[in-house]
Amino acid sequence: MKKAVKKNLPADERRNVTVEAVVDLAGRTNPDSITTAAIAKHMNLTQGALFRHFPNKEAIWQAVMTWVAERLMARIEKASAGIDSPVEAMQAMFMAHVTFVSEHPGAPRMMFGELQGSKATPAKRMARALLKQYAARLNDLIASGKARGELRADLDGEAAAALFIGTIQGLVMQSLIVGDMRHMVGDAPRVFEIYRRGIVAESCSTKAE
């Protein structure tokens, strides 16, 4: 299905619409096979119109990674805002991330594609920066949870943060295999509960039961 695009949009809005169209297209096809011609066709535009706002495909991909990073981080920060318990904040982030991916399945597909690529592209650097920022946010929560006695005192914070992100990536891959991103939304609460049991302090685990 082609994406209807209004004519004569302001430059910033046109760029945002283009990025959203690429994310949408990546959710339907292999990101590696997406060409500027395919993007233009998907938007009912000419390639010339596309290149008035982006100098090349690499610039489009960088804009897509920026779009994903900004919106994902904003989503998880909003979900965890005001939650006093670090563990509960992590759960809110987990569910917000899963929901974001279910709404934008093209986002993880493009990120996986960039991270697996051999070239050090601006888009790949942006993807790595997102993961680094995400891990730092988790490490802060984990450190706070240990200080408050919610998390195990001997918990390896870096490993716990990596497992948190890796668990979501695993859910994404399973849903992509099944072909239904709603699959991960249903599984997420049960999966996080298993993760939670591995990180919380014994006293907190006993109270939860």
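A. The pattern of salt bridges, seen in detail. Taken as a whole and judged by the stated rule, the model has 11 salt bridges. Of the charged contacts, one joins D154 and R152 as a salt bridge, the two residues approaching to 3.1 Å between their closest N and O atoms. By relative accessible area, which is 58% here, D154 ends up exposed. Note on R152: relative accessible area 32%, which makes it partly exposed. The network of salt bridges with shared partners includes E88, E193, R196 and R197.

B. Quick peek at the packing of helix α4 (residues 57-80) against helix α6 (residues 106-116). Axis separation between α4 and α6 bottoms out at 11 Å; the angle between their running directions is 125°. As judged from the angle between their axes, α4 and α6 are oblique. Note on packing geometry: the crossing formed by α4 with α6 is left-handed. In this structure, α4 uses W61, V64, M65 and V68 to contact α6, whose residues at the interface are A107, M110, M111 and E114.

C. Geometry of the packing of aromatic side chains. Evaluation of the coordinates by the stated rule reveals 7 aromatic pairs. With 5.4 Å between their ring centres and 85° between their planes, F94 and F164 make a pair best called edge-to-face. Taken together, the residues F94 in helix α5 (residues 86-103) and F164 in helix α8 (residues 157-178) connect sequence positions 70 residues apart. Owing to a relative accessible area of 0%, F94 belongs among the buried residues under this scheme. Taking the centre distance of 5.8 Å and the plane angle of 75° together, the rings of F164 and Y195 count as edge-to-face.

Procedures and definitions
- Residues numbered from 1 in each chain as written.
- Predicted model: local features only at pLDDT ≥ 70, side-chain atom pairs only at ≥ 80, totals over all residues.
- Heavy atoms only, no water.
- Salt bridge = Lys/Arg side-chain N within 4 Å of Asp/Glu carboxyl O.
- Buried < 20%, exposed > 50% of the residue type's maximum accessible area, 1.4 Å probe, protein only.
- Axes fitted to C-alpha atoms, helices over the stretch in contact; angles between N-to-C directions.
- Helix = DSSP H or I, 4+ residues; strand = E, 2+ residues; numbered from the N terminus.
- Parallel < 35°, antiparallel > 145°, perpendicular 65-115°, else oblique.
- Left-handed = near helix turned anticlockwise from the far one by under 90°.
- Contact = heavy atoms within 4.5 Å.
- Phe/Tyr/Trp six-rings, centres within 6.5 Å; stacked < 30°, edge-to-face > 60°.

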